[in-house]
Amino acid sequence: MKLPLTFKPIYTTDLIRVGRPNDGGYVIGKNSINNSNTLISFGLYDDWSFEKNFKKIKQDILIFVYDGEVKNFFWIKKLIKDTIYLFKNQINFLSYFNNLVVYFNYKKFFNKKNIHHEKKNIVSSNLKILDIKKENFTNLIEILKEKKIKDKFFLKIDIEG
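Reading guide: rules and limits
- All residue numbers here refer to positions counted from 1 along the written sequence of the relevant chain.
- Reporting in this predicted model follows two pLDDT cut-offs: at least 70 for local features of residues, and 80 or more for side-chain atom pairs to be given and counted; totals over whole chains, interfaces and linings ignore these cut-offs and use all residues.
- Side-chain descriptors were evaluated using all non-hydrogen atoms of the structure, hydrogens and water having been removed beforehand.
- Each Phe, Tyr or Trp ring (for Trp, its six-membered ring) is paired with any other whose centre lies within 6.5 Å, and the angle between the two planes then decides the class: stacked below 30 degrees, edge-to-face above 60, tilted in between.
- Strands here mean DSSP runs of E at least two residues long; helices mean DSSP runs of H or I at least four residues long; both are numbered from the N terminus.
- Burial classes follow relative accessibility: with a 1.4 Å probe on protein chains only, a residue under 20% of its type's maximum area counts as buried, one over 50% as exposed, and anything between as partly exposed.
- Any N or O atom pair separated by 3.5 Å or less is treated as a polar contact, with the protein-specific requirement of one donor-capable and one acceptor-capable atom, and with residues adjacent in sequence counted only for side-chain atom pairs.
- Throughout, a contact is declared for two residues whenever any of their heavy atoms are within 4.5 Å.

Novice: Outline the packing of aromatic side chains, supporting the account with residue identities and numerical values.
Specialist: Both the distance between ring centres and the angle between the ring planes are used here to describe each pair of aromatic rings. The tally for this structure, following the rule as stated, stands at 15 aromatic pairs. Taken together, a centroid distance of 6.0 Å and an interplanar angle of 85 degrees make the contact between F42 and Y66 edge-to-face. Of this pair, F42 sits in strand 3 (residues 38-42) while Y66 sits in strand 4 (residues 62-66), placing them 24 residues apart in sequence. Both residues of the pair, F42 and Y66, count as buried. With centroids separated by 5.1 Å and ring planes inclined at 40 degrees, the aromatic side chains of W75 and Y106 adopt a geometry described as tilted. Here the residue W75 occupies a position in helix 3 (residues 72-87), and Y106 occupies one in helix 4 (residues 93-109), the gap between them amounting to 31 residues.

Novice: An account of the side chain of T138 is needed here, citing residue identities and associated values.
Specialist: For T138, the position within the fold is in strand 7 (residues 137-138). Within the structure, the side chain of T138 is placed 3.2 Å from the side chain of E142, a separation counted as a polar contact. Apart from the residues lying within four places of it in its own chain, the contact partners of T138 are Y66, K120, N121, I122, V123 and I143.

And the structure:
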């Protein structure tokens, strides 16, 4: 089916897909990447394809990824769960092996210079935290101050809940 010309964009754009084709990837302007000095990313889980692709496009970018849930226990729990699924024949060995490789790829990617996984959750800057460890939480204002980021940063937010 051919769309009418009224639906054809008037302006040309520099939009590109960054990250994998499914959840975890986004369509953004290439100029936005090229004009950024720092990528601040909220939300990681087990997919850093956006950050990896961003780094490939803008090699000198400084990357800070914030996700307080992705710690050693996250990876151990994931391995145990996948092992159970393997023995119950809910996943095949290839899927199991690929899921295992994800951990090593995570370690490899976040072991590079200028790429940091901060194991903190993001909260509102006006939230009062009383009975829990404050070092496990941060907000955008604290990040900008702590990392001395003044301008030209790209903010990616992928947080469920």
